[in-house]
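Architecture and fold: a report
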Amino acid sequence: MGKKVLVLGEVRQGELRNVSFEAIAAAKQISDGGEVVGLLLGNVSQSLADSMIHYGADRVIIAHHSNLESYTSDAYSQAVMQVIENENPKGIILGHTSIGKDISPRIAAKLKSGLISDTTSFEMIGEQVVFTRPIYSGKAFEKKMITDGLIMATIRPNNISSLQKNETRSGEVITMDVDIKDLRTIVKDVVRKATTGVDLSEAKIVVAGGRGVKSKDGFKPLQELADLLGGALGASRGACDAEYCDYSIQIGQTGKVVTPDLYIACGISGAIQHVAGMSNSKVIVAINKDPEANIFSIADYGIVGDLYEVIPLLIEEFKSVAVY
Ligand code: FAD
């Protein structure tokens, strides 16, 4: 029997994040013919609600309150709880993003429900939803299901395909004023760092550099390659510690987790803490001058060589085929 599933949509710089569309696709399957309800918080435009519908939501609720303009766990969880009380969904799907990771345990605790976080796939076995999630830094996968109550899960970006956009789909968009009180923190201001290009956690192609890149300037060809491929630049902690690049692009256990279609690791040894953040990439290419480097044990393609020679050749080659 179909069930109602709620999806929390996340807006970044005026646009919905891809993972929100992926969450809708997951919710659609989990709902088993039931209703998929999108939820947006704050003063968001009708066009964002429409895009959730174009990607498969049946209805969208926009929860309004002046304290929802910037994320705080207190305000967001109060708003989400009011929508849950009104809607009584049987499932809630969120992206495994900074917000999703922060808010989902809070909501699960309030609802006294189970939560399966960082899922990369799921299967329907009869009425049950069995989720798969990586454990031990991606060395193993566990299958997990919620035995009772609400089905609540966060999904890792880039793992579940979103549905085809259909601009002819229509659905109801409802605005709901929510009550937010007793906030312990409020955001006074957000000063954004200048960022360019593709969002690292959702990039389809990542070019990452390690300590083997040897300098800040050494990252320029990597950035050029990333730009050429329409991808994003990433780094190991070794490179960030050496101040070759900013910690905001660190990949790994204590950095970002990425699952691109293509990961090009340049001058990265493949320490377990790095691998934890990228081992689920669909195709891994490693460039390292040490043939014994651990990164080759998880790479699909390995190039043993000096990255200062290999990367210019790759740039030249990609420019000549110019398929991107
Ligand atoms: P190195 O290990 O120094 O490797 C450099 C590589 O570059 C070598 O393999 C070398 O052969 C190669 N090389 C050198 N010159 C060239 C050249 N010219 N051409 C080609 N190859 C070349 N690390 C992370 O990345 N992310 C994390 O989130 C993270 N979290 C951590 C958490 C904890 C609690 C701890 C203890 C560590 C963590 N680390 C993390 C650090 C991790 O253990 C490694 O120290 C780090 O990943 C090493 O970075 P690296 O591979 O760039 O450097």
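What counts and what doesn't
Residues numbered from 1 in each chain as written. Predicted model: local features only at pLDDT ≥ 70, side-chain atom pairs only at ≥ 80, totals over all residues. Heavy atoms only, no water. Phe/Tyr/Trp six-rings, centres within 6.5 Å; stacked < 30°, edge-to-face > 60°. Helix = DSSP H or I, 4+ residues; strand = E, 2+ residues; numbered from the N terminus. Buried < 20%, exposed > 50% of the residue type's maximum accessible area, 1.4 Å probe, protein only. Near = heavy atom within 4 Å. Polar contact = N/O pair within 3.5 Å; in protein donor to acceptor, adjacent residues only side chain to side chain. Pairing = 2+ DSSP bridges. Axes fitted to C-alpha atoms, helices over the stretch in contact; angles between N-to-C directions. Contact = heavy atoms within 4.5 Å. 1 Å grid on protein atoms, 1.4 Å probe; cavity = no way out; pocket = protein on both sides within 12 Å on 5 of 7 lines; lining within 4 Å. Points joined across faces, edges and corners; volume = space filled by probe spheres on them. Nonpolar A, V, L, I, M, F, W, Y, C, P; charged D, E, K, R; others polar. Domains from an automatic or database assignment. Buried area = accessible area lost by both parts, 1.4 Å probe. Salt bridge = Lys/Arg side-chain N within 4 Å of Asp/Glu carboxyl O. Parallel < 35°, antiparallel > 145°, perpendicular 65-115°, else oblique. Left-handed = near helix turned anticlockwise from the far one by under 90°.

Here the focus is the packing of aromatic side chains. Under the defined criterion, the tally for this structure stands at 3 aromatic pairs. Aromatic pair Phe 21 and Tyr 55: ring centres 3.9 Å apart, planes at 20°, arrangement stacked. Placement of the pair is Phe 21 in helix 1 (residues 18-31) and Tyr 55 in the loop between helix 2 (46-54) and strand 5 (59-64), with a sequence separation of 34 residues. Taken as a pair, Phe 21 and Tyr 55 share a single burial class, namely buried. Here the aromatic rings of Tyr 71 and Tyr 76 are separated by 4.7 Å at their centres, their planes lie at 80°, and the arrangement is edge-to-face. Given the relative accessible area of 23%, Tyr 71 is considered partly exposed.

As a structural note, the neighbourhood of the ligand is formed by 25 residues, with Arg 211, Ser 236, Thr 254, Ser 269 and Asn 288 the closest of them. Between the ligand and the protein, one listed contact pairs an oxygen atom with a side-chain N or O atom of Gln 273 at 2.8 Å. Between an oxygen atom of the ligand and a side-chain N or O atom of His 274, the distance comes to 2.9 Å. Breaking the shell around the ligand down by element, the ones donating at least two residues are helix 6 (237-241) and helix 7 (272-275).

A few words now on the sheet that holds strand 7 (residues 116-119). Taken together, 7 strands build an open sheet; the order of strands is 7-11-6-1-4-5-12 and the sheet is parallel. The sheet is open, and its two borders are formed by strand 7 and strand 12 (172-177), each paired with just one other strand. Across the sheet, the mean angle separating the axes of adjacent strands is 25° when strand polarity is ignored. Sheet analysis places strand 4 (residues 36-41) next to strand 5, joined by 5 bridges and oriented parallel. Directly across from Gly 38, in strand 5, lies its bridge partner Val 60. Across the face of the sheet, helix 1 comes into contact with strand 1 (5-8), strand 4, strand 6 (91-95) and strand 11 (151-155) while running at roughly 175° to strand 1. Strands strand 1, strand 6 and strand 11 of the sheet are contacted by helix 4 (residues 98-111), whose axis makes an angle of about 160° with strand 6.

The next point concerns empty space enclosed by the protein. As enumerated under the stated definition, the model contains 1 cavity of 30 Å³ or more in all. When its volume is computed, the largest cavity comes out at roughly 30 Å³. As for the largest cavity, its lining consists of Leu 6, Leu 8, Leu 39, Val 80, Ile 92, Leu 94 and Ile 107. In the lining of the largest cavity, the residues fall into 7 nonpolar, no polar and no charged.

So, on to the domain arrangement of the protein chain. One can read the domain layout of the protein chain as domain 1 (5-177) and domain 2 (200-321). Computed from C-alpha atoms alone, the centre-to-centre distance between domain 1 and domain 2 is 31 Å. The interface of domain 1 with domain 2 comprises 13 residues on the first partner and 13 residues on the second. Approximately 1,100 Å² of surface area, both sides summed, lies buried where domain 1 meets domain 2, with 35% of it carried by carbon and sulfur atoms. Two residues, Glu 202 and Arg 17, come together in a salt bridge whose shortest N-O distance is 3.4 Å.

With that settled, the discussion passes to the packing of helix 5 (residues 219-228) against helix 9 (residues 307-321). At a minimum axis separation of 10 Å, helix 5 and helix 9 run at an interaxial angle of 25°. Between helix 5 and helix 9, the angle falls in the class roughly parallel. In the packing of helix 5 onto helix 9, the handedness of the crossing is left-handed. For the pair helix 5 and helix 9, the contacting residues are Pro 221, Leu 222, Glu 224, Leu 225 and Leu 228 in the first and Ile 311, Leu 314, Ile 315, Phe 318 and Lys 319 in the second.

Reading across the sheet, the 3 strands line up as 8-9-10 and stay open at both edges, with antiparallel pairing between neighbours. Unpaired on one side and paired on the other, strand 8 (121-125) and strand 10 (140-144) mark the two borders of the sheet. Here the average twist between neighbouring strands, direction ignored, is 25°. With 5 bridges connecting them, strand 9 (residues 128-135) and strand 10 associate as antiparallel partners. Note that in strand 10 the partner of Phe 131 across the bridge is Lys 144. Against the sheet, helix 1 touches strand 8 and strand 9, its axis set at about 10° to strand 8.

All right, on to the pattern of salt bridges then. Between side chains of opposite charge, pairing is possible as soon as their charged atoms come close. Scanning the model with the defined rule gives 21 salt bridges in all. For Arg 133, the salt bridge goes to Glu 142, with nearest N and O atoms at 2.7 Å. Exposure remark for Glu 142: the relative accessible area of 22% places this residue in the partly exposed category. One network of salt bridges, with partners in common, ties together Glu 10, Arg 12, Arg 17, Asp 199 and Glu 202.

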